[in-house]
Amino acid sequence: MAKALATATGARLIRLQCHEGIDVHHALYDWDYARQLLAMRAAEGGIDEGELFSRRFLLRRPLLEALEADGPVVLLIDEIDRADDEFEAFLLELLSDFQVTIPELGTIAARERPLVVLTSNRTRELHDALKRRCLYHWIDYPSPERETAIVRTRVPGAEEAVVERVVEAVARLRDAELYKQPGVGETIAWAQALGALGADSTLDETLGVALKVREDLDRVRATGVLDGA
């Protein structure tokens, strides 16, 4: 969605992939300690401490890059639910005022407000303060017709029978009680796998492309969800 938005608006896409333990030094800025040390040695210790923490030695991370970019930007903050509460709180200033504070440099405001897209897989609930700064949109699974069109586009040259077979099989899996239902990415990968293995390959043999949890594999095979597909 963020990529499509950037393409449609002619904006630059900047992505921040969230993960456990992410902090301001991964997301906003850091200092180039190696260059600072070299500068100190070159000046034989005579360099001013304030100069060490100037723009000269600043490393811009995705959030600061988005605020200071020339021209329109789409900022993708991906899988925010993987980050912790402290990082969520840190984002509040950015998402409300489009500015951040760096202790050594002061407050930095966006040159041009970026379009921000946050994604969450709901591995944990986000706080209300963050939600209030967002417009919520739930992206559901596409209809079979839409998914068929997506697979045709992403897997050019795939046989029509393979595409229809995979889309139908994925629809059945999504109706089953599974720990992790397959997304559109798995549908595409499944069509690619069947195409690469040839007409003799079966859905059961390639089921691991669509399902990545052992219990789901066992449940589907035991209940015959894909029988006749």
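Residues numbered from 1 in each chain as written. Predicted model: local features only at pLDDT ≥ 70, side-chain atom pairs only at ≥ 80, totals over all residues. Heavy atoms only, no water.

Participant: Before we go on, may I ask you to explain the nonpolar core in this structure?
Facilitator: Across soluble globular proteins, nonpolar side chains have a tendency to be buried as a group. Residues Leu 63, Ile 77, Ile 80, Phe 87 and Leu 91 are the most contacted members of the largest nonpolar core, which totals 35 residues. Contributions of two or more residues to this core are made by β1 (12-17), β2 (29-31), α5 (62-68), β4 (73-78), α6 (85-97) and β5 (99-102). No other element matches the 5 residues that α6 contributes to this core. (Core = buried A, V, L, I, M, F, W, Y, C linked by side-chain atoms within 4.5 Å. Buried < 20%, exposed > 50% of the residue type's maximum accessible area, 1.4 Å probe, protein only. Helix = DSSP H or I, 4+ residues; strand = E, 2+ residues; numbered from the N terminus.)

Participant: Looking at this structure, I do not really get the side chain of Glu 147. What am I missing?
Facilitator: With respect to the helices, strands and loops of the structure, Glu 147 is situated in helix α8 (residues 144-154). Polar contacts involving the side chain of Glu 147 include one to the side chain of Arg 174, which spans 2.8 Å. Those residues within four positions of Glu 147 in sequence are excluded, and the remaining contacts are Pro 142, Val 167, Val 170, Arg 174, Gly 183, Val 184 and Thr 187. (Polar contact = N/O pair within 3.5 Å; in protein donor to acceptor, adjacent residues only side chain to side chain. Contact = heavy atoms within 4.5 Å.)

Participant: Explanation requested: the packing of aromatic side chains in the structure shown.
Facilitator: Think of a pair of aromatic rings as described by two things: how far the centres are apart, and how the planes are tilted against each other in angle. Under the criterion given, the structure shown has 3 aromatic pairs. On the numbers, 5.9 Å between centres and 80° between planes, the contact of Tyr 29 with Trp 31 is edge-to-face. Considered together, Tyr 29 and Trp 31 belong to a single accessibility category, that of buried residues. Every member of this aromatic cluster is reached through a ring pair, and the members are Tyr 29, Trp 31 and Phe 53. (Phe/Tyr/Trp six-rings, centres within 6.5 Å; stacked < 30°, edge-to-face > 60°.)

Participant: How do you make sense of the pattern of salt bridges when you look at a structure like this?
Facilitator: Side chains that differ in charge, positive against negative, can pair when their charged atoms come close. This model, assessed by the stated rule, comprises 18 salt bridges. With a closest N to O distance of 2.9 Å, Arg 60 and Glu 68 form a salt bridge. With relative accessibility at 36%, the residue Arg 60 sits in the partly exposed group. Note that Glu 125 and Lys 131 form a salt bridge whose closest N and O atoms lie 3.5 Å from each other. For Glu 125, a relative accessible area of 47% gives the class partly exposed. (Salt bridge = Lys/Arg side-chain N within 4 Å of Asp/Glu carboxyl O.)

Participant: Help me out: how do you make sense of the environment of Leu 115 in this one?
Facilitator: Mapped onto the fold, Leu 115 is located in strand β7 (residues 115-118). Residues Leu 115 and Ala 2 lie 113 residues apart in sequence; the distance between their C-alpha atoms is 9.0 Å.

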